[in-house]
Amino acid sequence: MEATAAPHDTAETRLTITSPEQMRELGRRLAKLLRAGDLVMLSGELGAGKTTLTRGLGEGLGVRGAVTSPTFVIARVHPSLGDGPPLVHVDAYRLGGGLDEMEDLDLDVSLTDSVIVVEWGEGKVEELTEDRLQVVIHRAVGDTTDEVRHVTLTGLGRRWADSGLETLAA
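Residues numbered from 1 in each chain as written. Predicted model: local features only at pLDDT ≥ 70, side-chain atom pairs only at ≥ 80, totals over all residues. Heavy atoms only, no water.

Undergrad: Could you clarify how one ought to interpret the confidence of the model for the protein chain in this entry?
TA: In low-pLDDT regions, the fine details of the predicted coordinates are not to be read closely. Confidence in the prediction for the protein chain averages 84 pLDDT; 82% of positions are at 70 or higher. Scored below 50 in pLDDT, residues 1-7 makes 17 contacts in the model with residues more than four places away or belonging to other chains. (pLDDT = per-residue confidence, 0-100. Contact = heavy atoms within 4.5 Å.)

Undergrad: Hey, could you run me through the pattern of salt bridges in this one?
TA: Side chains that differ in charge, positive against negative, can pair when their charged atoms come close. One pass over the structure, following the stated rule, counts 6 salt bridges. With its nearest N and O atoms 2.4 Å apart, the salt bridge here joins Arg28 to Glu21. When its relative accessible area of 21% is taken as the criterion, Arg28 is described as partly exposed. Counted as one network, the salt bridges with shared partners bring together Glu21, Arg24, Glu25, Arg28 and Glu59. (Salt bridge = Lys/Arg side-chain N within 4 Å of Asp/Glu carboxyl O. Buried < 20%, exposed > 50% of the residue type's maximum accessible area, 1.4 Å probe, protein only.)

Undergrad: Please clarify how the nonpolar core should be interpreted in this entry.
TA: Across soluble globular proteins, nonpolar side chains have a tendency to be buried as a group. Residues Leu30, Val135, Val151, Leu153 and Leu165 are the most contacted members of the largest nonpolar core, which totals 29 residues. For this core, the elements supplying multiple residues, two or more each, are strand 2 (10-17), helix 1 (20-31), strand 3 (39-44), helix 2 (50-61), strand 6 (115-119), strand 7 (132-139) and strand 8 (149-156). If one sorts the elements of this core by residue count, helix 1 sits on top with 4 residues. What Val135 contacts, discounting residues up to four positions off in sequence, is Val40, Met41, Leu42, Ser43, Leu53, Val151, Thr152 and Leu153. Counting residues in each nonpolar core, the second largest holds 10 residues, with Val88, Val90, Ala92 and Ile116 among its members. (Core = buried A, V, L, I, M, F, W, Y, C linked by side-chain atoms within 4.5 Å. Helix = DSSP H or I, 4+ residues; strand = E, 2+ residues; numbered from the N terminus.)

Undergrad: Can you walk me through helix 2 in this structure?
TA: In an α-helix, one full turn covers 3.6 residues, which means residues spaced three or four apart are oriented alike. For helix 2, which comprises 12 residues, the first-to-last C-alpha distance of 16 Å matches the rise-based estimate of 16 Å (1.5 Å per residue) to within 8%. Buried within helix 2 we find Lys50, Thr51, Leu53, Thr54, Gly56, Leu57, Gly58 and Leu61. Gly62, located one to two residues past helix 2, shows a positive phi value of around 70°. (Expected span 1.5 Å × (residues − 1).)

Undergrad: I'm lost on the side chain of His89 in this one. Help?
TA: By secondary structure assignment, the location of His89 is in strand 5 (residues 87-91). Given a relative accessible area of 0%, His89 falls into the buried group. A polar contact of 3.5 Å, which involves the side chain of His89, links it to the backbone oxygen of Thr68. Of the polar contacts made by the side chain of His89, one reaches the side chain of Glu119; its length is 2.7 Å. In contact with His89, not counting residues within four places along its chain, are Thr51, Thr54, Val67, Thr68, Ser69, Pro70, Ile74, Ala75, Arg76, His78, Val117 and Glu119. (Polar contact = N/O pair within 3.5 Å; in protein donor to acceptor, adjacent residues only side chain to side chain.)

See the structure below:
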């Protein structure tokens, strides 16, 4: 594992994950760094582990409801069971219009009061905030049972400059 911090309000951490349970654990650990108003953008091939990571985030944030892929409903809101922020889990794969369509979802929470996780959000939701965490998950493609994933977490903006992102590689 390697962790690097780059100048200019950018932090980057790279991890190798070898099982779905490790991906979930990464989500639980990452949840400790998140706060209301954070935008987490997930990208990676089908089956890379985006929803598994989000399931761990939900566990770490202590939210209600099973975190499952929101592919057909596009977005799910998971209220906090405690005093933490709700988790808004969005699958933007079928959204073509970006932010306009996000606003049309009529989510029953304020996005600034929630942790927002968007799968397939590249080119669609960056306008929500300059400060965001981009998580790219690479996996072997084709006919393989390889569980190894290479995860790159890049924090953009002042919010992530001293966030402790590098602790995830420890």
